[in-house]
Amino acid sequence: MKGAPAESLGRPDRPAIVFDGSARPAFHLRLLGPPSLSGPQGPVAGRAGQQRRIALLACLGCAPDQTASRDRLLGLLWPESDENTARHLLSDSVYLLRRALGQDAILTTSAELRLATERVAVDVPEFRQAAAAGRWREALAHYRGDFLDGFLVRNAGEFDSWAELERARLRHDASGVASALALALDRRGLASEAVPWAERALDLAPYDEVGFRRLLDLLVQAGNRSRAEAAARAFVERLQADLGVAPSAETMRAIREARALPAGEPIVVVTPAANGVRASDLDTRNLTLHGRYLWHRRNRSAVERSIAYFTRATERDPASAEAWAGLCDAWCVLGCRGNIPTHAAADRAAPCAERALELDPSLSAAHTSAGGLGMLQREWAGAESALRKAVALDPGNAMAHHWLANILLVGYGRRDDALREQVIAARLDPLSPVLQGTLGWHRYLRGELAASRAEYERAVDLDTDFDEGHAGVIRAAAWLGDAVGVEAGLAAGLARRDDLRGELLAESASALAVLGERHRARERAEEAERLGALPITLALAWAGIGNAERAFGWLERESFQMYWSPHSVWWDPRLDGLRRDARFDQVVRRVKAAWRPEWV
C-alpha cells in the first residue's frame with residue numbers, strides 16, 4: 001500500500017509474496033502463477049524460513065476447507081527434521097504469518113491449522129468453485145499460470161511432489177474449463193469467439209487429440225483455413241517430436257476431412273537421427289511408431305499386436321535399433337505382467353536387446369530395453385545400471401524413469417526414490433495412462449489416498465479401457481470412505497471392460513470390506529471366484545473380508561509373476577490381517593524366490 005514498504009518473500013528474481021494493499025480489507029493469496037499475497041498489512045519480518053512460510057500458506061489454501069492436520073504439514077514441509085524440531089518450526093512459521101496477516105488469519109487447534117477464509121481469500125478454491133458452477137470465464141480469469149509456477153522448497157521433496165500433483169490437476173482442470181467454454185460458444189453459433197478458448201485448452205494440454213480436433217473444427221467453421229493448416233502441422237509435429245508417436249487414425253481422418261492441408265497433402269515428420277546415427281526409412285519408422293502406440297496401451301491383446309508391427313519393422317530394416325528395442329520391450333511387458341512365463345519372455349527378449357545395443361549403443365531406448373530385460377531376469381544391479389545409462393543419454397525418456405522406479409521398489413525396497421522416479425515419468429509423459437496409473441499405485445501403497453484416486457481418475461480419463469484404471473479408482477474411493485464412488489467406479493469399469501468383470505468384482509469386494517459391508521463383499525468375492533479372477537486379487541478380497549483360510553488358499557495358487565504382486569505382499573494394507581500368521585512367512589519366501597530382491 002502507499003507509503004508502506006514491500007518485501008519479497010520468494011526468489012530474488014521472482015517475488016513470491018508482496019503486500020501492496022490492493023485487496024482491502026482482506027488478503028488475497030494467489031497461487032496460480034508465481035505466488036503472491038496482497039493485503040493491508042506490512043511485510044513478514046525476517047527472511048529465514050520464508051520458503052516454508054509460503055509453502056505453509058499454499059498447503060492451507062489448497063486443503064479442503066483450508067484445513068490441514070499438523071502431522072500432514074510436518075511431513076510435507078519439514079521431513080528432514082525430528083518431530084520436536086519440526087513442530088517448533090511450524091509454530092514459529094505460524095507466529096510470523098500471524099504477525100503479518102493478523103492473529104485471526106490462521107486458526108489452530110492441537111491437531112489442525114485452518115486458514116481463515118474471511119481473512120485470506122485464495123485463488124485456487126475460487127477457481128475450482130467457479131469451474132464447478134459453470135462460470136468458466138471467471139474460473140479462467142483466476143488461472144494466471146501453473147500452480148506455484150517456479151517455486152520450490154529446498155529439502156522438502158514431499159512438498160514438491162504434492163505441488164507437482166496439484167499443478168498437473170489444476171492444469172488439466174483449466175484445460176477442461178477452456179474446452180467447455182469453447183463448446184458452449186460453438187453451440188451458440190459463435191465459432192470465431194470459441195477459437196481462442198479452444199486454443200487455450202490445447203496450450204494447457206498440448207497433446208490432447210480431442211482438444212485439437214475441436215480446435216480444427218472451429219477454425220474450419222470460422223473459415224480460417226490457413227490457421228487450420230498451421231495448427232494441424234504444429235500438432236502432428238509436436239506429437240512426433242515430443243512423444244515419438246503418430247496421431248490416431250481418427251485425428252488424421254479429421255485433418256483430411258477438414259481439408260486442412262492443400263489438396264489433401266499429408267504431414268510427414270521424420271525426426272532427424274541424433275549424433276549422425278542412421279535413420280530408418282519412413283515405412284519402417286511408421287511400423288515402429290504403430291508398434292509403440294499399441295505397446296503403450298499395455299493390455300495383452302495390444303502388446304501382442306505390437307509384436308507383429310515391431311517384427312515387420314525389423315524384417316523391413318534389420319538395422320533399425322528402435323524396432324529391435326520395441327520388440328524386446330514387448331516381450332518384457334508380457335513377462336512382467338504374467339501373460340507368459342518369465343523365462344519364455346526373457347528368452348525372446350534377450351537377443352532383441354543385444355541386437356538393439358549392438359546397432360546403436362548411443363540410443364537411450366536400447367539401454368531401456370536392456371534394463372527391462374534385467375528386471376525380467378531379476379538382475380537388479382545390471383538393470384539399474386542400464387536404466388541410469390538410458391536416463392543419462394536422454395533425461396526425457398519417461399519409460400526409463402518408470403522402469404527404474406520399479407527396479408528401486410522391487411529390487412531394493414527404496415520407496416521414496418521409486419516414487420520420485422515415477423513422478424518424473426508421469427510428468428514427462430502426462431498422456432500415458434500407464435504412467436499416471438502406476439503413480440496412483442505408488443501413492444496408494446504409501447497411504448496417499450486422495451492423490452492416488454486423482455492419478456487413477458486421470459489414467460481412466462486418458463484411456464477408459466486401461467486395465468488397472470477403474471480398479472484403482474474403486475480401491476482409493478473405498479479407503480476414502482466413498483461408497484458412492486466405489487459403485488460408480490465399478491459401473492464405469494464394467495461398462496468398458498466386461499472382460500475384466502471378475503477382477504473388478506474382486507476389487508469391489510475388497511472395497512466393500514474396507515467400507516464394513518462384509519456380507520455384500522462375500523457375495524461379490526464368490527462371484528469373482530466363479531468368473532476366474534486372479535488369485536492375488538481374490539486373496540486381497542478375502543483377506544479384507546477377514547476369511548484367512550480362503551485368502552491363504554488363493555495365495556497358494558498365485559504365481560507372483562505379475563509385477564505388482566510383490567508390492568501387494570509387502571505393503572498392501574488389505575493383507576495386514578494375515579501378516580502375523582505363520583503361513584504368511586511362506587508367502588513372503590515364495591515372493592522372494594520369484595523376484596529375488598536384494599533387500600528382504
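Residues numbered from 1 in each chain as written. Predicted model: local features only at pLDDT ≥ 70, side-chain atom pairs only at ≥ 80, totals over all residues. Heavy atoms only, no water.

Participant: I'm lost on helix 19 (residues 433–445) in this one. Help?
Facilitator: In an α-helix, one full turn covers 3.6 residues, which means residues spaced three or four apart are oriented alike. For helix 19, which comprises 13 residues, the first-to-last C-alpha distance of 18 Å matches the rise-based estimate of 18 Å (1.5 Å per residue) to within 8%. For helix 19, the tally of buried residues reaches 13 of 13 residues, placing the bulk of the element in the interior. Two residues or fewer after helix 19 comes Gly447, characterised by a positive phi angle close to 80°. (Helix = DSSP H or I, 4+ residues; strand = E, 2+ residues; numbered from the N terminus. Expected span 1.5 Å × (residues − 1). Buried < 20%, exposed > 50% of the residue type's maximum accessible area, 1.4 Å probe, protein only.)

Participant: How should the sheet that holds strand 2 (residues 36–38) be read in this particular structure?
Facilitator: By way of backbone hydrogen bonds, the strands of a sheet pair with one another, either parallel or antiparallel. In spatial order, the strands read 2-1-6; together these three strands make up an open sheet with mixed pairing. Either end of the sheet is taken by a strand with one partner, and the two such strands are strand 2 and strand 6 (120–122). Neighbour to neighbour, the strand axes of the sheet diverge by 20° on average, direction disregarded. Here strand 1 (residues 27–30) runs beside strand 2; their pairing, made up of three bridges, is antiparallel. Bridging from a neighbouring strand, His28 pairs with Ser38 of strand 2. Lying over the sheet, helix 4 (residues 123–132) contacts strand 1 and strand 6, oriented at roughly 50° with respect to strand 6. (Pairing = 2+ DSSP bridges. Axes fitted to C-alpha atoms, helices over the stretch in contact; angles between N-to-C directions. Contact = heavy atoms within 4.5 Å.)

Participant: Mind showing me how you'd approach the pattern of salt bridges here?
Facilitator: Charged atoms that come close allow side chains of opposite charge to pair. A full pass over the atoms with the stated rule returns 47 salt bridges. Residues Asp71 and Arg87 are paired through a salt bridge, measuring 2.8 Å at the closest nitrogen-oxygen approach. Linking Asp71 in helix 2 (residues 70–77) with Arg87 in helix 3 (residues 83–101), this pair joins segments that are 16 residues apart in sequence. Take Asp71: its relative accessible area is 53%, and that puts it in the exposed class. Between Glu517 and Arg520 there is a salt bridge, with the nearest N and O atoms lying 2.5 Å from each other. The exposure class of Glu517 is partly exposed, given its relative accessible area of 28%. Through salt bridges with shared partners, one network takes in Glu158, Asp416, Arg443, Arg446 and Glu448. (Salt bridge = Lys/Arg side-chain N within 4 Å of Asp/Glu carboxyl O.)

Participant: Looking at this model, I keep getting lost on the sheet that holds strand 4 (residues 106–108). Mind explaining?
Facilitator: An order of 3-5-4 is seen for the three strands of this open sheet, with the pairing classed as antiparallel. Each having just a single partner strand, strand 3 (67–69) and strand 4 make up the two edges of the open sheet. Ignoring which end each strand starts from, the neighbouring axes of this sheet average 20° apart. Across three bridges, strand 3 lies against strand 5 (residues 112–115) in antiparallel orientation. If you follow Ala68 over to strand 5, its bridge partner there is Leu113. Most of the contacts of helix 2 go to strand 3, to which it runs at about 80°, and overall it touches strand 3, strand 4 and strand 5. Sheet strands in contact with helix 3 are strand 4 and strand 5, and its direction is about 140° off that of strand 4.

Participant: What am I meant to see in the nonpolar core here?
Facilitator: One broad trend across soluble globular proteins is that nonpolar side chains are buried collectively. In this structure, Trp295, Trp403, Leu555, Phe560 and Leu578 are the most contacted members of the largest nonpolar core, which totals 96 residues. Among the elements that make up this core, the one with the highest residue count is helix 13 (residues 321–336) (eleven residues). Aside from chain neighbours lying at most four places away, what touches Trp295 is Val303, Ser306, Phe310, Asp329, Ala330, Val333, Met399 and Trp403. Ala58, Trp78, Leu115 and Leu219 belong to the second largest nonpolar core, which has 76 residues in total. (Core = buried A, V, L, I, M, F, W, Y, C linked by side-chain atoms within 4.5 Å.)

Participant: Quick question: what am I supposed to make of unusual backbone geometry here?
Facilitator: As a rule of thumb, non-glycine residues mostly have phi less than zero, and peptide bonds are mostly trans rather than cis. One non-glycine residue, Leu148, adopts positive backbone phi at about 50°. By the secondary structure assignment, Leu148 is in the loop between helix 5 (136–142) and helix 6 (157–187). One non-glycine residue with positive phi stands out, namely Arg298, at about 75°. Looking at the element boundaries, Arg298 is found in the loop between helix 11 (282–297) and helix 12 (300–316).

Participant: Help me understand the pairing of strand 5, please; the structure alone is not making it clear to me.
Facilitator: Each regular strand displays side chains that alternate between the two surfaces of the sheet. Residues Leu113 and Leu115 line the buried face of strand 5, whereas the alternating positions Glu112 and Arg114 sit on a face that is not buried. Inspection of the sheet shows strand 4 paired to strand 5 by three bridges, in the antiparallel sense. Across the sheet, the residue bridging to Leu107 is Arg114, located in strand 5. From the end of strand 4 to the start of strand 5, which pair antiparallel, there are three residues.

Participant: Explanation requested: the packing of aromatic side chains in the structure shown.
Facilitator: Both the distance between ring centres and the angle between the ring planes are used here to describe each pair of aromatic rings. Evaluated as defined, the whole model comprises twelve aromatic pairs. Both rings, one in Phe212 and one in Phe235, keep their centres 4.4 Å apart while their planes meet at 0°; by these two values the pair is stacked. Taken as a pair, Phe212 in helix 8 (residues 209–221) and Phe235 in helix 9 (residues 225–243) lie far apart in primary sequence, 23 residues in all. As far as burial versus exposure is concerned, Phe212 and Phe235 are alike and both buried. An angle of 5° between the planes, with centres 5.6 Å apart, marks the rings of Trp571 and Trp599 as stacked. With a gap of 28 residues between them, Trp571 in helix 27 (residues 565–571) and Trp599 in the segment after helix 28 (582–595) connect regions that are remote in the sequence. Of the residues examined, Trp599 reaches a relative accessible area of 31% and is grouped as partly exposed. Chaining the aromatic ring pairs together yields one cluster made of Phe147, Phe151, Phe159 and Trp162. Between Arg557 and the ring centre of Trp554, over which it is positioned, the NZ or CZ distance is 4.0 Å. (Phe/Tyr/Trp six-rings, centres within 6.5 Å; stacked < 30°, edge-to-face > 60°. Lys NZ or Arg CZ within 6 Å of the ring centre and 35° of its normal.)

Participant: Looking at this structure, I do not really get the packing of helix 24 (residues 518–530) against helix 25 (residues 535–545). What am I missing?
Facilitator: Between two packed helices, both the angle of their axes relative to each other and the distance between the axes serve to describe the pair. Packing of helix 24 against helix 25 brings their axes to within 10 Å, and their N-to-C directions diverge by 160°. One finds that helix 24 runs roughly antiparallel with respect to helix 25. Helix-helix and strand crossings are classified by hand; for helix 24 and helix 25 the assignment is left-handed. For the pair helix 24 and helix 25, contact is made by Arg518, Ala521, Arg522, Ala525, Glu526, Ala528 and Glu529 and by Leu538, Ala541, Trp542, Gly544 and Ile545, respectively. A breakdown of the residues in the contact of helix 24 with helix 25 according to their chemical character gives seven nonpolar, one polar and four charged. (Parallel < 35°, antiparallel > 145°, perpendicular 65-115°, else oblique. Left-handed = near helix turned anticlockwise from the far one by under 90°. Nonpolar A, V, L, I, M, F, W, Y, C, P; charged D, E, K, R; others polar.)

Participant: Honestly, the environment of Glu523 in this entry has me stumped. Any pointers?
Facilitator: For Glu523, the location among the structural elements is in helix 24. Classification of Glu523 by relative accessible area gives partly exposed; the value is 43%. A polar atom in the side chain of Glu523 sits 3.1 Å from the side chain of His519. (Polar contact = N/O pair within 3.5 Å; in protein donor to acceptor, adjacent residues only side chain to side chain.)

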